[in-house]
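# Chains, contacts and geometry: an overview
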Amino acid sequence: MSKTIRLTMAQAVAHFLKAQMTVVDGKKQPIFAGVWGIFGHGNVAGMGEALYQVRNDLPTLRAHNEQGMAHAAVAFAKASFRQRFMACTTSIGPGALNMITAAGVAHVNRLPVLFLPGDVFANRIPDPVLQQIENFGDGTVSVNDAFRCVSRYFDRITRPEQIIPALKRTMQVLTDPVDCGPVTLSLCQDVQAEAYDYPASLFDEKVWTHRRPRPDTDELASAIATLRKAERPLIIAGGGVLYSQATAELKAFAGMHGIPVAVTQAGKSALPDDHPLCMGSIGVTGTSAANAFAEEADVILAVGTRMQDFTTGSWALFKGEGVKMIGLNTVAFDAAKHDSQPLVADAREGLTLLSEALGGWKASASVEAAAKSRKQEWMAAVKKATAATNADLPSDAQVIGAVQRSIGGDNSVLVCAAGGLPGELHKLWQAHRPGGYHMEYGFSCMGYEIAGGLGVKLARPEADVVVMVGDGSYMMMNSELSTSIMLGQKLTIVVLDNRGYGCINRLQMATGGANFNNLLKDSMIEMMPDIDFRAHAESMGAVAVKVSSIADLETAIQQIKGNDRTSVIVIDTDPLVTTQEGGHWWDVAVPEVSPRPEVNKARSAYEKARAAQTVG
Ligand SMILES: Cc1ncc(C[n+]2csc(CCOP(=O)(O)OP(=O)(O)O)c2C)c(N)n1
Ligand SMILES: [Mg+2]
């Protein structure tokens, strides 16, 4: 008989997680950096007791909001390039459901997070328990079934021994470059506390390594043949380049073969923005340089990207005659999108093998010459948009310029997710090192920013983590600001207060709509809100200042560098101004009939723009 250990199911989970290791930069480390937890009756006695036992090896971190802590876990995984991750435990019902949005963020961004929501009693004796919904037609349903559509692997543990295969499958999914994403193990409350004689080997230390699938011979040969014929090639670099840590290979590939590189939101920083072949952002929030190459390209090598609509300009961006796309991606689902020639492989492996096969082949010298002049032209636009100003209400771009000038780039990580800022940052921010730009733009989830900043700081303690956040996102979720202070993880947070949902207001105007329900002034109001963000942040323990000019903002950023805790700078901004240079049409459906002439006009422009879409 092999050796067994008698543990509760929850204790088995805790001991198993503690034993999972990985090697980062040659150093062996626990693959789970910790477990975020908010306890309730659904997990305090089971998971709570189990986590207490392992707290010295697997720390438990208390948060203020389940969605917030899950965002922090998502950001931790992203900033760790998926090499390490965190788990999140909650009670049943509302605590569990509060994590759903963040599970969506992890799912869409392909980021590993382990969700451990408590679930109702498997034995059903005390039913209905507090916070249990009752489904009249299906006795097996609980609210946690809502995790299914936002999990790569979902399981409900109704007997203690079920956790054995479930934990093994969990690790396979979290560490698999293809399946990688959120895992939900829904832990029935009574089963968490139930004991079982677990095989001792379940808790043996296990060291996980990064799998790098190599390409299929035929797919590689086809990709090489296509690239060799390219006259106007372009590389699109997505987040997969960072997760594969293929940034050196990307740089070498672009340089060796003289191909310009455009970056998606997740791929920005894969090649430093000051590299001569880095054309910057592509698509809806793209630079004029990247989009010019995208429009005329005959061959596009898309590396590690999901090709979402912001990247493809809703599939109206690529206008090259007979344009061919090669999808270099570990995930076949992504590699074959829109008739791409799939090259299913790890980005690093794929780029290396492609480059070896291409040998001395180089794109025409005219491509590199165009890259130089287009980049120069774009950088002049950046300089103009981000220059200091004395305007009463600066633009987002001018605030970005001030932050960039005063923060310095080499050791900073810029964190953002939603509002008008992502578009402006995608165009204008200059990222200096891989991971220096952290934009959650798969879900673009308002409320991610501050909690996400905390996750980034936990992953990269040596970095200056700078969060830029709009007033709307700040109001949606700011509670983990307090957690950052509690945990001694300093963030620099710049709040841009334009008194409402500026970007949606602009989108509303662009689609012919009346100014309605976006900016506070255009909403149903008995008493105009005048939110004191500075006082609010201060009340949570942050050092907080409000500045009234770009010059003061730059000084304030310098001054807070010496602060020992999270520091918040608030600045009022103009809700209407954005960078006009660059950019591309985005498919947002405009009503076909309306009594508003503005809508009718927008509809006819919309129909014209749609004609450029390729249907794939
Ligand atoms: C959770 C969530 N709800 C709604 C949206 C849709 N949305 C995108 S940006 C935005 C407004 C953001 O306001 P703010 O943070 O003030 O930024 P601004 O647009 O003013 O720059 C809204 C409502 C979203 N992305 N996420
Ligand atoms: Mg706003």
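Procedures and definitions
- Residues numbered from 1 in each chain as written.
- Chains lettered and ligands numbered in written order.
- Predicted model: local features only at pLDDT ≥ 70, side-chain atom pairs only at ≥ 80, totals over all residues.
- Heavy atoms only, no water.
- Helix = DSSP H or I, 4+ residues; strand = E, 2+ residues; numbered from the N terminus.
- Rg over C-alpha atoms; globule rule 2.2 N^0.38 Å.
- Contact = heavy atoms within 4.5 Å.
- Areas by Shrake-Rupley, 256 points an atom, 1.4 Å probe, with all protein chains shown as cover.
- Lys, Arg positive; Asp, Glu negative; His and termini not counted.
- Charge placed at Lys NZ, Arg CZ, Asp CG, Glu CD.
- UniProt positions renumbered as here; feature names shortened; annotations may be inferred.
- Donors = N, O, S within 2.8 Å, 3.2 Å for Na, K, Ca; no water.
- Buried < 20%, exposed > 50% of the residue type's maximum accessible area, 1.4 Å probe, protein only.
- Arc of directions from axis to C-beta.
- Near = heavy atom within 4 Å.
- Polar contact = N/O pair within 3.5 Å; in protein donor to acceptor, adjacent residues only side chain to side chain.
- Pairing = 2+ DSSP bridges.
- Axes fitted to C-alpha atoms, helices over the stretch in contact; angles between N-to-C directions.
- Parallel < 35°, antiparallel > 145°, perpendicular 65-115°, else oblique.
- Left-handed = near helix turned anticlockwise from the far one by under 90°.
- Nonpolar A, V, L, I, M, F, W, Y, C, P; charged D, E, K, R; others polar.
- Patch = residues over 30% accessible without salt bridge, like charges linked within 9 Å, V, L, I, M, F, W, Y side chains within 5 Å.
- Salt bridge = Lys/Arg side-chain N within 4 Å of Asp/Glu carboxyl O.
- Right-handed = clockwise from strand over helix to strand, strands pointing away.
- Disulfide = S-S within 2.5 Å.

Here we take up the overall build of the protein. If you tally the helices and strands in the protein, you get 24 helices and 23 strands. For 616 residues, the compact-globule estimate of 2.2 N^0.38 gives 25 Å, and the C-alpha radius of gyration of the protein, at 25 Å, lies within 12% of that figure. Based on the C-alpha atoms only, the size of the protein along its principal axes is roughly 70 × 65 × 55 Å. Excluding contacts between residues fewer than 6 apart, the proportion of contacts in the protein whose partners are at least 24 apart in sequence is 77%. Taken as a whole, the protein presents about 24,400 Å² of accessible surface, with 54% of it coming from carbon and sulfur. Side-chain charges of the protein comprise 56 positive and 63 negative groups, with the mean position of each set lying 4 Å from the other.

In the numbering used here, UniProt assigns the "domain: Thiamine pyrophosphate enzyme central" (unreviewed entry) feature to residues 221-352. What you have in residues 221-352 is 36% helix and 20% strand, and the ends, taken at the C-alpha atoms, are 14 Å apart.

We now examine the coordination of the magnesium ion (ligand 2). For the magnesium ion (ligand 2), the full set of protein donor atoms is Asp 471 (OD), Asn 498 (OD1) and Gly 500 (O), and the range of their distances to it is 2.0 to 2.1 Å. Read in sequence order, the donor residues coordinating the magnesium ion (ligand 2) give the pattern D-x26-N-x1-G. Given a relative accessible area of 9%, Asn 498 falls into the buried group.

As a further point, take helix α1 (residues 9-19). With 10 of 11 residues buried, α1 is to be regarded as a mostly interior element. For α1, every residue scored as buried is listed here: Met 9, Ala 10, Gln 11, Ala 12, Val 13, Ala 14, His 15, Phe 16, Leu 17 and Ala 19.

It is worth spelling out helix α10 (residues 247-257) at this point. What α10 keeps buried is the set Thr 247, Leu 250, Phe 253, Ala 254 and His 257. The arc enclosing the buried residues of α10, seen along the axis, measures out at 125°, which places them on a common side. Against α8 (217-228), β12 (233-237), α9 (239-243), β13 (261-263), β15 (299-303) and α14 (347-358) lie the buried residues of α10.

Around ligand 1, the surrounding shell holds 15 residues, and the nearest of these are Ser 444, Asp 471, Gly 472, Gly 502 and Cys 503. Note that an oxygen atom of ligand 1 is positioned 2.9 Å from one of the backbone N or O atoms of Ser 473. The protein chains hide 77% of the 580 Å² of surface that ligand 1 would expose on its own. Listing elements by their share of the shell around ligand 1, those giving two or more residues are α19 (471-476) and α21 (502-510).

Whenever strands of a sheet pair, they do so through backbone hydrogen bonds, lying parallel or antiparallel. Across the sheet, which stays open at both edges, the 6 strands sit in the order β5-β4-β6-β7-β9-β8 with parallel pairing between neighbours. Whereas interior strands pair on both sides, the edge strands pair on one side only; in this sheet they are β5 (60-62) and β8 (153-157). Across the sheet, the mean angle from the axis of one strand to that of its neighbour is 20°, orientation sign disregarded. Two elements, strand β6 (residues 85-90) and strand β7 (residues 114-119), share 4 bridges in a ladder whose sense is parallel. Each bridged residue has a counterpart across the sheet, and for Cys 88 the counterpart in β7 is Phe 115. Lying on the sheet, helix α2 (residues 44-53) is in contact with β4 (32-37), β5, β6, β7 and β9 (183-188); it crosses β6 at an angle near 140°.

Pairs of packed helices are described in terms of their axes, by the angle between the two and the distance that separates them. Two numbers describe how α1 lies on helix α6 (residues 163-175): the axes approach to 11 Å, and their chain directions differ by 30°. Overall, the two elements α1 and α6 adopt an arrangement that is roughly parallel. Both α1 and α6 take part in a crossing whose hand is right-handed. Every residue of α6 that contacts α1 at Met 9, Ala 12, Val 13 and Phe 16 is listed here: Ile 163, Leu 167, Lys 168 and Met 171. The residue makeup of the contact of α1 with α6, split by class, is 7 nonpolar, no polar and 1 charged.

With that settled, consider the UniProt feature "domain: Thiamine pyrophosphate enzyme N-terminal TPP-binding" (unreviewed entry) in the protein. Listed under "domain: Thiamine pyrophosphate enzyme N-terminal TPP-binding" (unreviewed entry) in the UniProt record, and renumbered for this structure, are residues 47-131. For the annotated span residues 47-131, helix accounts for 40% and strand for 18% of the residues, and the straight-line distance between the end C-alpha atoms is 18 Å.

Before going further, it helps to spend a moment on the environment of Gly 513. Along the chain, Gly 513 turns up in the loop between α21 and α22 (533-539). Separated by 78 residues in the primary sequence, Gly 513 and Pro 591 have C-alpha atoms spaced 9.8 Å apart. Residues in contact with Gly 513, not counting those within four places in the same chain, are Gln 508, Arg 596 and Val 599.

With that settled, consider the side chain of Asn 109. As for its placement among the helices and strands, Asn 109 is situated in the loop between α5 (100-108) and β7. Engagement of the side chain of Asn 109 in a polar contact is seen with the backbone oxygen of Val 105, the distance being 2.9 Å. Those residues in contact with Asn 109, other than ones at most four positions away along the chain, are Tyr 243, Glu 440, Tyr 441, Gly 442 and Phe 443.

Together, Met 476, Tyr 501 and Ile 504 make up a nonpolar patch on the protein surface, roughly 280 Å² of accessible area in all. Locating Met 476 in the fold gives a position in helix α19. With a relative accessible area of 47%, Met 476 lands in the partly exposed category.

Quick look at the pairing of strand β22 (residues 543-547) now. One ladder, built from 5 bridges, connects β22 with strand β23 (residues 567-572); its direction is parallel. Bridge pairing in β23 places Val 545 opposite Ile 569. Handedness of the β-α-β unit built from β22, helix α23 (residues 550-560) and β23 comes out right-handed.

With that settled, consider the state of the cysteines. Taken as a whole and judged by the stated rule, the model has 0 disulfides. Here Cys 88 stays unpaired: no disulfide links it, and the sulfur of Cys 445, its closest cysteine neighbor, is 14 Å away. Its relative accessible area of 0% is what places Cys 88 among the buried residues.

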